[in-house]
Amino acid sequence: MLLPVSVLLSVLTTLAASVSDKPCGEFPWPSDDYTVNCDYSYSRPSYYDVVPQGRCQVRCPPDTEVLVGPPADGNQGLTDGFYYCNMVNGTWLGSEPVCLGFYNNVTMVTDESIGIRLVGGSSYGCVELYDNVTQQWGPVRGWTLDNFDPIDDAQMEWANLACRNLRFSAGLATKAYVKREWFEDDMWPLEENYELYPLQYHYEPRYPPTVPKFVVSKSPAPQREGATLHDVIDRVVRGPCLEGDRDCGDNAFGLCLACEGQQDSHTTSGASNHLSTATAYVIAHACAMYAVTVLLIATAVA
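Student: Which residues make up empty space enclosed by the protein, and what values go with them?
Tutor: For the structure on display, the rule yields 1 cavity of 30 Å³ or more. In this structure, the largest cavity is lined by C126, V127, P139, V140, R141, P205, Y207, N251, G254 and L255. Put simply, the parts of the chain that give the lining of the largest cavity at least two residues each are strand 9 (124-131) and strand 10 (136-141). The element that contributes the greatest number of residues to the lining of the largest cavity is strand 10, accounting for 3 residues.

Student: Describe the sheet that holds strand 5 (residues 91-92), naming the residues involved and giving the relevant values.
Tutor: With antiparallel pairing, the 4 strands of this open sheet are ordered in space as 1-2-4-5. Because the sheet does not close on itself, it has two edges, and the strands there are strand 1 (35-43) and strand 5.

Student: Account for unusual backbone geometry, naming residues and giving values.
Tutor: Despite not being glycine, Q135 shows a phi value in the positive range, around 55°. Along the chain, the position of Q135 falls in the loop between strand 9 and strand 10. Given the relative accessible area of 60%, Q135 is considered exposed. Its identity is not glycine, yet E204 carries a phi of approximately 40°, on the positive side.

Student: Residues and numbers for the packing of aromatic side chains, please.
Tutor: On inspection of all chains with the given rule, the structure shows 11 aromatic pairs. Plain terms: the ring middles of F27 and W29 are 5.6 Å apart, the flat faces sit at 80° to each other, and that makes the pair edge-to-face. Of the residues examined, W29 reaches a relative accessible area of 19% and is grouped as buried. Centroid distance Y124 to Y203: 6.4 Å. Interplanar angle 25°. Geometry classified as stacked. Linking Y124 in strand 9 with Y203 in helix 3 (residues 199-203), this pair joins segments that are 79 residues apart in sequence. Y203 sits in the buried class, given a relative accessible area of 8%. Grouping aromatic residues by their ring pairs yields a cluster made of F27, W29, Y40, Y83 and W92. The ring of Y42 is capped by R55, whose NZ or CZ atom sits 4.1 Å from the centre of that ring.

Student: So what's going on with the state of the cysteines? Which residues, and what values?
Tutor: Considering all chains together, one arrives at 6 disulfides under this definition. One disulfide bridge connects C60 with C99, the sulfur atoms lying 2.2 Å from each other. Taking the sign of the S-S torsion, -80° for the link of C60 and C99, the bridge is left-handed. Of this pair, C60 sits in the loop between strand 2 (52-59) and strand 3 (66-68) while C99 sits in strand 6 (residues 98-100), and the two are 39 residues apart along the sequence. With relative accessibility at 5%, the residue C60 sits in the buried group. With its sulfur 1.9 Å from that of its partner, C241 forms a disulfide with C248. One quick way to see it: the torsion about the S-S bond of C241 and C248 is about -65°, and its sign makes the bridge left-handed. Along the protein chain, the cysteines engaged in disulfide bonds are linked according to the scheme 1-5, 2-3, 4-6, 7-11, 8-12, 9-10 when indexed in sequence order.

Definitions and cut-offs
- Residue numbers run consecutively from 1 along every chain, following the written order of its sequence.
- Per-residue local features are limited, in this predicted model, to residues with pLDDT of at least 70; the limit for side-chain atom pairs, both in listing and counting, is 80 or more; totals at the level of whole chains, interfaces and linings are taken over all residues.
- Water and hydrogen atoms were dropped before computing side-chain values, which therefore reflect all heavy atoms in the structure.
- Only protein atoms enter the calculation, which uses a 1 Å grid: trapped sets of points that fit a 1.4 Å probe without letting it out are cavities, open sets showing protein on both sides within 12 Å along at least five of seven lines are pockets, and any residue with an atom within 4 Å of a point is a lining residue.
- Grid points are joined across faces, edges and corners, and a volume is the space filled by probe spheres set on the points.
- Helix numbering and strand numbering both begin at the N terminus, where a helix is a DSSP run of H or I of at least 4 residues and a strand a DSSP run of E of at least 2.
- Strand pairing is assigned whenever DSSP detects at least two bridges linking the two strands.
- Working definition: with a 1.4 Å probe on protein chains only, accessible area under 20% of the residue-type maximum means buried, over 50% means exposed, and in between means partly exposed.
- Planes of paired rings set the category: under 30 degrees apart is stacked, over 60 is edge-to-face and the rest tilted, where pairs are Phe, Tyr or Trp rings (Trp by its six-membered ring) whose centres lie within 6.5 Å.
- Two conditions define a charge sitting above a ring: the NZ of Lys or the CZ of Arg must be within 6 Å of the ring centre, and it must be within 35 degrees of the ring normal.
- For the purposes of this analysis, a disulfide is any pair of cysteine sulfur atoms at a distance within 2.5 Å.

As structure tokens, then:
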């Protein structure tokens, strides 16, 4: 049965209006892991090749503090933590939202076989390397970011290298949005509730001056198979940094990042998210002392 022409015209008009109201469609990454609030009527003047028509904001759960995913490009004026629909090509700017937890210096992912660990969270934090000379872990230093770099270009080759060393598929981010205060209602006002930070500035862990500092090379990080961060360390400073040596002494120049996805548990790497070198030593020492105690008791009884 054919529909009347008037009905077809009405349907087409409705569809056209819908496309016009939402040129990029609905927000493409709905999830139970966070809340999304959108204003599809939002618009603002174009900025280079971006013509915003509609925007959305993601609210992360209370037990998290950092959001990765919204576009972060100072050259395009996109540093407010919103997802924008770009009318130029009908796509949403950014990538799938990922909410990261708080920094905790006792949570770490370690691969002792190549002497690297990530301190702070299960997939995010700041990178440390192991120094065989001093037998200590120390921070990677001399690595800087520019807030105006597009997020995809923000030294991601270093994040990729470090994360692959730790059996993640790739780096996820070197900068992210840190949340401010939230409103309690489900449909909160769309305001600038996030602030863009390089993760090295946000975490900025402190270390005693005696730990080794691994200062990176200024050349690009290698992406070849088997490459490790140790391969691109320009120098290791053992002891206090010299005055004026910012690459060594500035806590904000650490290699802090987030890795993508989950660790690959099917490789033979020595990576672990629960045992550090110090912890392993303590356990081994305790076992040895227990064995000695048992032997002394057995000797005394005999």
